[in-house]
Amino acid sequence: MDTEAQHEKRDRSSDIPTGAEERSRFSRSPWLVTGRGTVGSSWLSWRRTGLLGLFCTVFVLLFSTFVLQPFLIPSGSMEPTLRVGDRLLVNKLAYRFGTAPERGDVIVFDGTGSFVQEPAGGNPVTGLLHGAAAALGLAEPAETDFVKRVVGVGGDRVVCCDKGGRVEVNGRAVDERYVYAGDAPSRVPFDIVVPEGTLWVMGDHRSNSRDSRDHLGEPGGGMVPVERVIGRADWIGWPVGRWSVLEPTDAFREVPAPGSGAHG
């Protein structure tokens, strides 16, 4: 028969783990890891985060390049429709499937060869970084990119101004309610026929816009080739208080087709 002392001795000995049990507990402990293991796990975690960030950046850049691009408004040439600091969302699919810009559309286009000469070569790395930032709406657009409203399309005769001081398109006066309050439709008289495949564009803030009127005497006559159009401005995405859809204007609804004889 065991004595009480022998029982106590066995109880104490059972509480002391063997070397194998101790090693097993040590290896299972989630907190007792080697310094090398901790560094390795941290490195893998940062690597996954970096790869995820890179993937997201590439996805956004591709989406911006081919589908929907933010565009920061750098000047007041399109007031009151667009204000300085607005970020447009430019629909790059608007004219991809056989459709063409229409009168009244607000478009973003590359003005190289029409509004500006070929840009001088610069630092390619700086240009690439700026282009990426502009594509994300984080920087001002390239100096060759412009936002204006289409007033005339191929074949149109655009005249300013009629007896009432309004722009005429194909012999029909246009009531341009989007023009900046107090501005005349144009202080520069003109009478032009838009060549096929090009556009006549003007800013809504006529007294503060350098547009097709300013390039009448230059090669191309201020006309923007349709192929240079980047997309149509459909939404204001930022700031939050400016969230809105750019509704189409009905100002050109009664304008006849070019060549219909309305403009003589």
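Residues numbered from 1 in each chain as written. Predicted model: local features only at pLDDT ≥ 70, side-chain atom pairs only at ≥ 80, totals over all residues. Heavy atoms only, no water.

Caption draft 1: Examining the pairing of strand β11 (residues 229-238) more closely. Bridge analysis of strand β2 (residues 87-91) against β11 gives five bridges, and the strand direction is antiparallel. Across the sheet, the residue bridging to V90 is A233, located in β11. Pairing of β11 with strand β12 (residues 244-245), which is carried by two bridges, proceeds in the antiparallel orientation. For I236, the partnering residue across the bridge sits in β12 and is S244. Following β11, the chain reverses through five residues before pairing antiparallel with β12. (Pairing = 2+ DSSP bridges. Helix = DSSP H or I, 4+ residues; strand = E, 2+ residues; numbered from the N terminus.)

Caption draft 2: Focus on the pattern of salt bridges. According to the stated counting rule, one finds 13 salt bridges in the structure shown. A salt bridge links D175 to R177; the shortest N-O distance between them is 3.2 Å. Taken together, the shared-partner salt bridges connect D175, R177, D250 and R253 into one network. (Salt bridge = Lys/Arg side-chain N within 4 Å of Asp/Glu carboxyl O.)

Caption draft 3: Seen up close, the packing of aromatic side chains. Inspection of the entire model under this criterion finds four aromatic pairs. Relative to F115, the ring of F109 lies with its centre 5.2 Å away and its plane at 85 degrees, an arrangement referred to as edge-to-face. With a centroid separation of 5.0 Å and an interplanar angle of 40 degrees, the aromatic rings of F190 and W200 are classed as tilted. With F190 in strand β8 (residues 190-193) and W200 in strand β9 (residues 198-202), the pair connects residues that are ten residues apart, well separated along the chain. Put simply, the rings of F109, F115 and F146 pair up and form one aromatic cluster. (Phe/Tyr/Trp six-rings, centres within 6.5 Å; stacked < 30°, edge-to-face > 60°.)

Caption draft 4: Looking closely at unusual backbone geometry. Cis geometry is adopted by the peptide bond preceding P80, which originates at E79 and carries an omega value of 5 degrees. Turning to its location among the elements, P80 is positioned in the loop between β1 (68-72) and β2.

Caption draft 5: Fine view of the state of the cysteines. For the structure shown, the criterion picks out one disulfide. Disulfide pairing places C160 opposite C161 at an S-S distance of 1.7 Å. (Disulfide = S-S within 2.5 Å.)

Caption draft 6: Spotlight on the nonpolar core. Counting 17 residues, the largest nonpolar core has V151, V158, V169, F190, I192, W200 and F252 as its most contacted members. Going through the elements one at a time, β5 (157-160), β8 and β9 are the ones with two or more residues in this core. (Core = buried A, V, L, I, M, F, W, Y, C linked by side-chain atoms within 4.5 Å. Buried < 20%, exposed > 50% of the residue type's maximum accessible area, 1.4 Å probe, protein only.)

Caption draft 7: Spotlight on the pairing of strand β4 (residues 145-152). Of all eight residues that make up β4, seven are buried, and the element is covered over most of its length. Both strand β3 (residues 106-110) and β4 contribute to a ladder of five bridges, which runs antiparallel. Of the residues in β4, the one forming a bridge with F109 is F146. Note that β4 and β9 share three bridges and pair antiparallel. Across the sheet, V150 pairs through a bridge with V201, a residue of β9.

Caption draft 8: Main features of the sheet that holds β8. Across the sheet, which stays open at both edges, the four strands sit in the order β7-β6-β5-β8 with antiparallel pairing between neighbours. Of all the strands in the sheet, the pair left with one neighbour each is β7 (172-173) and β8. As paired strands, strand β6 (residues 168-169) and β7 are joined by two bridges and run antiparallel to one another. Paired with V169 across the two strands is R172, which belongs to β7.

Caption draft 9: Focus on the side chain of N91. Structurally, N91 is set in strand β2. Looking at N91, its side chain comes within polar contact range of the side chain of D234, at 3.1 Å. (Polar contact = N/O pair within 3.5 Å; in protein donor to acceptor, adjacent residues only side chain to side chain.)

Caption draft 10: Representation of the environment of R177 within the structure. By the element assignment, R177 lies in the loop between β7 and β8. A sequence separation of 72 residues divides R177 from T249, and the C-alpha atoms of the two residues are 8.9 Å apart.

Caption draft 11: Local environment of a nonpolar patch on the surface. Residues W238, V240 and W243 make up a contiguous nonpolar surface patch of about 370 Å² in total accessible area. Within the fold, W238 resides in strand β11. (Patch = residues over 30% accessible without salt bridge, like charges linked within 9 Å, V, L, I, M, F, W, Y side chains within 5 Å. Areas by Shrake-Rupley, 256 points an atom, 1.4 Å probe, with all protein chains shown as cover.)

Caption draft 12: How the structure looks around the side chain of D110. In this structure, D110 sits in strand β3. The class of D110 is buried, set by a relative accessible area of 17%. Those residues in contact with D110, other than ones at most four positions away along the chain, are T144, D145, R228 and I230. (Contact = heavy atoms within 4.5 Å.)

Caption draft 13: Main features of the confidence of the model for the protein. Confidence in the prediction of the protein, expressed as mean pLDDT, is 80, and 66% of residues score 70 or more. Under a pLDDT of 50 for its full length, residues 16-36 has, in the predicted model, four contacts with residues more than four places off or in other chains. (pLDDT = per-residue confidence, 0-100.)

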